[in-house]
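Structural features, examined
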Amino acid sequence: MCTQPTSTAQPLMRSLGLSLAALLMSACASHGDPRPASPGTTAGTDADNFPDPGNATLKEGLFVDVDNLRLFARGMSKRQLYALLGTPHFGEGMWGVREWNYLFNFRSSPGGDYFTCQFKVEFDGKGIAQAAHWKPQACAAVLEPPRPPAPPAPAPMPAEPLRLSADAMFAFDSAVLTSEGRDNVTALLQQVRDASRVQTIQVIGYTDRIGSDRYNLVLSQRRAEAVRNALIAGGVPAAAIVAEGRGKADPLVQCEQAQRNALIVCLAPNRRVELSGRALPR
């Protein structure tokens, strides 16, 4: 047999109903933020949306593999993220969690001081990552790919000219490079290629005093051009090389032998090709 509640019981029932509704709403809220996570890539959010680092279960933070962090992308599942970064560092709840928070440490330089960043991943209702955020926002820079090492500075030509014996480059009275001469040019190629990035290269031919001035000037020019052409064939920019013949000028030795063969041997140092560098104007 049912009885109608008294007038005193009705307010009590309403109060119990309101309390139960409040408890249910509180339980739902503990399952995570019901708002949909905003899609996007790594970006900053309001600092108030990050948990207090003092509440982290790993208050000292964790040194994370930056290469693993770079693999994070929207669309990853919680299982994939767990395998990549491990468990979150805050008490995020058990079911329906919409965000994971981490404390990550990074070193400014190998073996140097480190700094700590907060990293948050937002999920949708199916546990799929939608966005990631940093605090402070400057920490996002840790994901930038490392800069390639700077190429070594081009080596300048030595202060003293590089002297190539003409007798080791050409047959006597010839401007055609011998096989030995081509090998000598090849041995210099890398050095000249590097130097030509920052300066022009002068190739200067010299002869001995045997023969007319006109003949020696032409021969020295042809020899300088032969070396220049060999350098160009080896990859030195043509615009970086200037060839010049100076004939019998600037002798390195003086010889007075009367016998021709002995004189030719004595004058060998004067028969040469010199390579020197000139700095480009700034």
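The paragraphs below set out a description of the structure included in this document. (Residues numbered from 1 in each chain as written. Predicted model: local features only at pLDDT ≥ 70, side-chain atom pairs only at ≥ 80, totals over all residues. Heavy atoms only, no water.)

Next up on the list: the side chain of asparagine 101. Here asparagine 101 lies in strand β3 (residues 99-107). Separated by 2.9 Å, the side chains of asparagine 101 and glutamate 99 make a polar contact. (Helix = DSSP H or I, 4+ residues; strand = E, 2+ residues; numbered from the N terminus. Polar contact = N/O pair within 3.5 Å; in protein donor to acceptor, adjacent residues only side chain to side chain.)

Mapped onto the elements of the fold, aspartate 208 is located in the loop between β7 (199-206) and α5 (213-233). In this structure the side chain of aspartate 208 is engaged in a polar contact, spanning 3.0 Å, whose partner is the backbone nitrogen of isoleucine 210.

Turning our eyes to something else, we now look at the state of the cysteines. Covalently bonding the sulfur atom of one cysteine to the sulfur atom of another cysteine gives a disulfide. Applying the stated criterion across every chain, the model contains 2 disulfides. There is a disulfide in this structure between cysteine 117 and cysteine 139, and the S-S distance comes to 2.0 Å. Since a negative S-S torsion denotes a left-handed disulfide, the cysteine 117-cysteine 139 link at about -80° is left-handed. Placement of the pair is cysteine 117 in strand β4 (residues 114-123) and cysteine 139 in the loop between β5 (129-135) and β6 (162-165), with a sequence separation of 22 residues. Overall, the relative accessible area of 5% leaves cysteine 139 in the buried class. Through a disulfide, cysteine 255 is tied to cysteine 266; the S-S separation comes to 1.8 Å. Judged by the sign of its S-S torsion, about -80°, the bond between cysteine 255 and cysteine 266 is left-handed. One end of the pair, cysteine 255, is in the loop between β8 (241-245) and α6 (260-266); the other, cysteine 266, is in helix α6, with 11 residues separating them in the sequence. Exposure remark for cysteine 255: the relative accessible area of 1% places this residue in the buried category. Under the relative-accessibility criterion, cysteine 266 is labelled partly exposed at 23%. Along the chain, the cysteines engaged in disulfide bonds are linked according to the scheme 1-2, 3-4 when indexed in sequence order. (Disulfide = S-S within 2.5 Å. Buried < 20%, exposed > 50% of the residue type's maximum accessible area, 1.4 Å probe, protein only.)

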